[in-house]
Each structure stands twice: as C-alpha cells, then as structure tokens.
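# Tertiary structure, described
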Amino acid sequence: MPSAPADAPATQRTPRPVRPEIQALRAGAALLVVLYHLWPGRLPGGFMGVDVFFVISGFLITAHLAREAETTGRIRLGRFWARRARRLLPAAYLVLATSALAVYLWMPLLNWGQNFREILASALYFQNWRLAFDAVDYLAAENAPSVAQHYWTLSVEEQFYVAWPLIVLASILLAARIGARRLTTVTVVVAAVTIASFGYSWWMTYDNVSFAYFSTFTRAWEFGAGALLALLTLRAAPGRRRTHPVTPHVAALVSWAGIAVLVYCGLELTGSTPFPGTAALLPVLATVAVIAAGMPDSRLSPRWIIERRFVQWTGDISYPLYLWHWPPIVLLPVILGHELGFWPRVGILVATFAAAALTKRYVEDPVRTGRKLGIQRSTVTFAFTSVAAACLAAACLGGVQHANAEADRAEQLKENITKDTPRCFGAASMDPDQPCDNPELDGLLVPDTTAIRRDNPNYPGCQTSDNEVRTTCTFGDPKDPTLPHVVVIGDSHARALLPAFVPMAKEGKLFLEVQVKAGCNWSSNPHPNPDRTIAEGCYEWRDNVNAYLLKKADDIDLIVTGALAHPRPATGPKEQVAGFATTWRPLAERGVPIVAFRDNTAQPVDTNDCLALEGTITPDSCALPRDKAFPNFDPLVGAAKEIKGARLYDFTRFYCDDEKCPAVIGGVNVYRDRTHVSKTYMATMKPYIEQRLDEDGLLAARRDG
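Residues numbered from 1 in each chain as written. Predicted model: local features only at pLDDT ≥ 70, side-chain atom pairs only at ≥ 80, totals over all residues. Heavy atoms only, no water.

Residue placement: D442 occurs in the loop between helix 16 (378–419) and strand 1 (474–475). Sequence separation of D442 and G667 is 225 residues, and the distance between their C-alpha atoms is 6.8 Å. (Helix = DSSP H or I, 4+ residues; strand = E, 2+ residues; numbered from the N terminus.)

Another aspect to go through is the pattern of salt bridges. Summed over all chains, the structure comprises 30 salt bridges. A salt bridge links E415 to K414, with the shortest nitrogen-to-oxygen separation between them at 3.8 Å. Taking relative accessible area as the criterion, K414 reaches 9% and is therefore assigned buried. The residue K509 makes a salt bridge to E507 at a minimum N-O spacing of 2.9 Å. K509 gets classed as partly exposed once you look at its relative accessible area, which sits at 31%. Residue classification places E507 among the partly exposed positions, given a relative accessible area of 42%. (Salt bridge = Lys/Arg side-chain N within 4 Å of Asp/Glu carboxyl O. Buried < 20%, exposed > 50% of the residue type's maximum accessible area, 1.4 Å probe, protein only.)

In total, this model carries 38 aromatic pairs according to the counting rule given. Measuring from centroid to centroid gives 5.8 Å for Y36 and F47, while their planes differ by 65°, and the two rings are edge-to-face. Taken together, the positions of Y36 in helix 1 (residues 20–38) and F47 in the loop between helix 1 and helix 2 (49–72) put the pair 11 residues apart, joining distant regions of the chain. On the basis of relative accessible area, F47 is assigned to the buried category, the value being 7%. Considering the side-chain rings of F501 and F597, the 6.3 Å spacing of their centres and the 80° angle between planes classify their relative orientation as edge-to-face. Of the two residues, F501 is situated in helix 18 (residues 498–506) and F597 in strand 5 (residues 594–597); the sequence distance between them amounts to 96 residues. Taking relative accessible area as the criterion, F501 reaches 0% and is therefore assigned buried. Under the relative-accessibility criterion, F597 is labelled buried at 6%. The rings of Y36, F47, F54, W152, F160, Y161, W164, Y213, F214, F223 and F275 are connected pair by pair, giving a single aromatic cluster. (Phe/Tyr/Trp six-rings, centres within 6.5 Å; stacked < 30°, edge-to-face > 60°.)

Here we come to the sheet that holds strand 5. Across a sheet, strands are paired by hydrogen bonds formed along the backbone, either parallel or antiparallel in direction. Judged by pairing direction, the sheet is mixed, and its 6 strands sit side by side in the order 1-3-2-4-5-7 without closing on themselves. Sheet topology places strand 1 and strand 7 (646–649) at the edges, where each strand pairs with a single neighbour. Here 4 bridges tie strand 4 (residues 558–562) to strand 5, and the two strands are oriented parallel to one another. Residue pairing for strand 5: G562 is matched across the bridge by F597. On top of the sheet, helix 20 (residues 573–589) reaches strand 4, strand 5 and strand 7; it is set at about 150° to strand 5, its chief contact. (Pairing = 2+ DSSP bridges. Contact = heavy atoms within 4.5 Å. Axes fitted to C-alpha atoms, helices over the stretch in contact; angles between N-to-C directions.)

In the structure shown here, the tally under the stated rule is 5 disulfides. Two residues, C424 and C436, share a disulfide whose sulfurs are 1.6 Å apart. Residues C424 and C436 are joined by a disulfide whose S-S torsion is about -75°; by sign, that bridge is left-handed. Placement of the pair is C424 in the loop between helix 16 and strand 1 and C436 in the loop between helix 16 and strand 1, with a sequence separation of 12 residues. Residue C436 is classed as partly exposed on the basis of its relative accessible area, which comes to 21%. Two residues, C520 and C538, share a disulfide whose sulfurs are 1.9 Å apart. Disulfide C520-C538: torsion about the S-S bond near 80°, hence right-handed. Of this pair, C520 sits in the loop between strand 3 (511–516) and helix 19 (532–551) while C538 sits in helix 19, and the two are 18 residues apart along the sequence. Accessibility assignment for this pair places C520 and C538 in one class, buried. Listing the disulfide partners of the protein by sequence rank of the bonded cysteines yields 1-2, 3-4, 5-6, 7-8, 9-10. In this structure C391 is a free cysteine whose sulfur lies 11 Å from that of C396, the closest cysteine sulfur available. (Disulfide = S-S within 2.5 Å.)

By the criterion of burial, strand 4 is predominantly enclosed, with 5 of the 5 residues buried. The alternating pattern of strand 4 places L558, V560 and G562 on one face and I559 and T561 on the opposite face, and all of these are buried.

Counted at 1.5 Å a residue, the expected span for helix 4 (residues 112–123) with its 12 residues is 16 Å, and the 16 Å between its end C-alpha atoms agrees. Burial of helix 4 is extensive: 11 of the 12 residues sit out of reach of the surface. Among all positions of helix 4, only W112, G113, Q114, N115, F116, E118, I119, L120, A121, S122 and A123 are buried. Of the surrounding secondary structure, the elements contacted by the buried residues of helix 4 are helix 3 (77–106), helix 5 (127–135) and helix 16. The positive-phi residue at the C-terminal boundary of helix 4 is Y125, with phi of around 60°. (Expected span 1.5 Å × (residues − 1).)

We now examine helix 14 (residues 318–336). Taking 1.5 Å of rise per residue, the 19 residues of helix 14 would be expected to cover 27 Å, and the 28 Å separating its terminal C-alpha atoms lies within 8% of that figure. When you tally the buried positions in helix 14, you get 15 out of 19 residues, the bulk of the element. Positive backbone phi, approximately 85°, marks G337, located one or two places after helix 14.

Time to look at the packing of helix 2 against helix 3. The contact between helix 2 and helix 3 brings their axes to 12 Å, and the two run at 150°. One finds that helix 2 runs roughly antiparallel with respect to helix 3. Every pair of crossing elements has a handedness; the one defined by helix 2 and helix 3 is right-handed. Residues I61, H64 and L65 of helix 2 form the contact with helix 3, whose participating residues are F80, R83 and R84. Class assignment of the residues belonging to the contact of helix 2 with helix 3 gives a composition of 3 nonpolar, 1 polar and 2 charged. (Parallel < 35°, antiparallel > 145°, perpendicular 65-115°, else oblique. Left-handed = near helix turned anticlockwise from the far one by under 90°. Nonpolar A, V, L, I, M, F, W, Y, C, P; charged D, E, K, R; others polar.)

Next up on the list: unusual backbone geometry. Across the chain, the bulk of peptide bonds are trans and the bulk of non-glycine residues have phi less than zero. A cis amide bond, omega 10°, links F275 with the succeeding residue P276. Along the polypeptide, P276 turns up in the loop between helix 10 (248–268) and helix 11 (281–293). Look at the link from V446 to P447: it is a cis peptide, with omega at -15°. Although it is not a glycine, Y125 sits at a positive phi angle of roughly 60°. Mapping Y125 onto the fold places it in the loop between helix 4 and helix 5. Residue classification places Y125 among the buried positions, given a relative accessible area of 11%. The backbone of C622 shows a phi angle near 60°, a positive value even though the residue is not glycine. Overall, the relative accessible area of 16% leaves C622 in the buried class.

Functional significance is not addressed by these values, which are geometric in nature.
Here it is as structure tokens:
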C-alpha cells in the first residue's frame, strides 16, 4: 500500500519537508498496482508496487523513531500509534464502509459471506493472514476476489507499525543496559531482524509460495531494507545538511538505475514468478537506490520527471488512490452483468483519481491536522477508532449472519425436495434411453446459489489432513464377505464421485473405502503446484497409498478413480498418460479392475456467479457451449485405453447435449464451483453409474483371492 508520510518528531512543531523522490516513488508504485489490476496483461509485474511502499514505510518510520530516540531517549508509543491511526484509518474505514454498502446493494447473497468476512478482517488488520491461509486451503482456492482483497498490504503495514516501535524501543533499552550507543544498537538489531526475515522469505517462497506471498514475516525484510537505509544515513546532529558519499553525477546514475529496474520489474515479472523471495530483491534494492540517491544536483538527474506536478500530486494521493481502485474492479462486472471492457476500465481509473483527491482533501487532511472534538489527543483517537471498528464489525457480522440464514433456508429446501425426489430430477432429465421432462421443475434451482458452497462431499473421516492412508473413511459392512470391496482413490474430482457410491454402500451393495487427497491425483506425474510443501506432500501420500493398495490387492475388487483435467499440467499429454498408466499397471496386473471417470466440464467462470444474477432460472440459464466445455487434455482417457483391465466411464451425456452444457439440469444446480460437480447432482447420477457397474459385472460377488 502507499505509505503515509512520516510525522514530525515529538520535539518538532512543523512536519519535515516532503522528499520529492519519495513522492515520485509513491506515485509510480501506486500506478504500477492500479494499472496492473486494470490491465494485467500489459503490466504483468505491477504487483511489485507494494514492495516499493514497504521499503518507503520502513525508511520513513524508522527515521522518525530513531530521531525521537536520539533526541528524547525514549519513544512515546501511544502518541506514535495515534498518529498512525489518524493518518491511515479514516480513509481506510471510509472505503471499507462504502464497500460494505456496495456489497449489500449489488452483490448476490452467494458472495456476502466471503466479502463481509474479508471486510471485517481488513478492518481489524489481519486480512493478509486470512488470505495466506485461504491460499493453501483447497476449498477456499476457488474463492472469487473480494472487494477488500487489496487490504492485505495494509494489514502487513499496520502490523509493522505495531511491532517496529517495540523493536526499536527494545533496542534502546538494550543499549542502555550494555552501555552502547542507541543508534548503533538499533542498527544492529534491525539488521539482524532484516537478515532473519529475508532468510525465512527465501525458504518459505521455495517451500510454500502461496502462503509466503501474504505472510508478514516474509515481507518484514522489505521494511527492514528501508529501515537500514534510514539508520545508515541518519545524522546524529539535528539540522546537519544531508550529504552524499558519491558525486552528484554518480548519484543521478544510481537514481536512473533504480527507476529503470522498477520499470523492468513491472514489465518482466509475472504472476508465475515465485514471490517475494529473491525475486523481490530487485524492486526492493531499486527503491533503496532511488531514496539513497535523493535529488542529486546534476544535469543527469531525473529531477525533470520527479518534480512534475502530476507526479508529486499523484504521490500525495497515492494512499486513497490505492484504497479506491480495487472495489469497482470487483463490483462493476456484477453491476453490468459482463466482464469489463476498455472504456469501463478507463472510467474506473478516472473515478479512482477523483475519489482519491476528494478523500485526501475532505477526509485525510481534516482528521490528520484538525483540532475538532479533540481528535489530536491519543485517547480520543483510540476511542474514535474503537467505535468505527465496532460499527464495521457489527455490519459485517450482520451480513454474514443474514447470508448464513439464507443458506440454511436453501439447504432445508434441498433436503425437503431430495427426500421425495420429483420426476426427472437432476440427471434423470438427461437420460438418453428414457427421455424425461417435468414442467414442474421449471424455475427450480436446488441447491440455490446461497447454499451451493455447502454442497460438497465432505464426509466425516474422509478429510486428509496429512499424507497417511485413511482408515476412517469407509462405508458399508467390512465384515460381510459377499460385498465387493471398492476403493475410490484420487483428487477432489475423485471425491466428487462419492455421492453416487456412498448410497450404494449404505444399501448393502458394496463395501466402500476412500483414499482421496485434494489436488493430488493417482498417478506418478509431477505436481503442477509450485509450492514444494504441497507437491512433496502429494508424492508422500501417493507412495503410502500405492504401498497400501499393493499390500491389500487381493482383497480389493474394484478401484475407481477420477482426476482434474488440469489447465496447466507440469508435463505434456504423452507424459501425463504415461504417469497414470505407470501407477495403475501394478494393480491391474494383480487382477484388480480399474474404472476411470472422464472429467466433467470445466467452466471458464463459476456458473453460480451467473445464476445468482438470473431473475428467472431456465434450462438455458448460464449454459456453456459444448465446444468450449472441455478445453483441457484429459489423460485418463488415454491411460484407460493403455492398461488392460482398465475401463473409461464417460458420462458426458449427463452434463451436455449436442449443443450445450447446462448449468441447471432437471432443477439441480450442477456445479458448486468452476470445476467441481455439486453433491446433489452427483447423487442423481447414482442409478446410471450403478447400472453401468452392473452391466460390467463389477458389483457381482467378490473375486477369488
């Protein structure tokens, strides 16, 4: 986020002059982020603008704290935090309140829970941790961006503002205890914290990049880099003229080099770059270089760019510019009912500048410098902050509660309907052998979009929290020797099959055992996720499950598997097929039949976002043309052909007709997100899957051991 200007030390009555090069950095970083979000293909590395802000904050805040410590021998924490609150919270809470109102007015109930929870997390400044844990939560990975998603950077900043003065204060106390100079001790401690954070960031980005991106601890070194610059350039004597250790011409070249590196990062970094880690060194060091160079008195200086009125003005409004730019990017497609074109994006850009300028003039400045209501007193500041946070929290919790109540109602409706299943309900309406049509299902959507996120096959004891073989995810009577022993194995697309198989087990037709791990298919293919922890966890789980299956092969009568046809696999089609075939072959050679389900359609966007905006539900609502329904290569098709004893079950006819793939079939909501079939719809496919298994003789008495 754009960092706030440093306040004057306690001993000064007037603020320190604004440094033009820092204002220019703010302006450039804010524009990088805003343009990246509006036109990501044009500026793929614009996300690193937040790293520039982190360095600036580290530099300014540390300089302020160090001056106060040198001048007074102490740091007044309450006063410091109150200043930060007056500078940051009015605009932040205004945008959050406006966003909450916009969610209430325009967002469908489907999105209320996530948006209000993230607004609450942003108001309390732990949004980065919410996103960090969501990033490694498979069930949350499909979440659409919320109106407050960009507040993760503010959360990191606020956590820095809380922790950093304590670190500096602890360093001062240490200096007094050991008889060392304050500034020297603070520098050593800050250097140690910075090095430790960079090492952790390096390791975590390699180990779990999704989590690392949002973690405060992987970003602390970026603040530390700015802090070290402030400490190394700080002069103990107040008022002493700042000088450079290099000539003005060299300083100018350093400044240009920093600017060039920042431009390069904006153009060349991409979303696939492991970040922050070592990749963040480029924007961080470039920012340090520009600040260190200052405004060199040289004809080579970039002063002619830095001091332009628009650049300085943009730097001045960079904080509210950052706050306002994101909510309309999320909201406007919902309001318009389609993706944003060029001119709506331009409109957002212009409106963001206008809103930022107005916020700066009528909200930020009056609160930061005004005297009304005693706002400059720390106790009053904290009181207003508490009231504002409480009001936002109440509004958000009320929104979440209302969304949950509507989801409960929709879920109860689903339960009532599925207890006495209507004719032609769900997959029955797509039966090619017995065409079925029931006009009473017109307009029905079960479950509706308010409850669809709950419609997943999360059976007790089946959630893999580690990489071990599951012993608690079984259905049916394990002691009945006549029941065929069926094992469902694979990723979440294999788990999506359970609503069709669990009822068969409960009806006494088979004994079902489930070995599934989200994001981990039953193959030997390289994992496409860049997070080492996730990939290696998958490999360990595969090894454990394969060993278990081979050990139990004589007791297994059928293996059922499914897998996501991945849009970004780690290998080519032939290698993918070979990876599945290699894993299946040992079991097939032991005589264990294998049934592989061809993957269901892949939606380009979540159909529930579309359905939530439909006034009347029809069979054609939000349908996908069939020629766009299978964009990804499905290696299970080839593997089933290659392995003797394996069969491919292709149930595409229950998802698509000759022209389209409906989002609503027989009154049932088919998809719970972009790639997963809903639990309710899969349950309606049970008779047809069971029929196919019977025809193939796979539900007969157990095979001989």
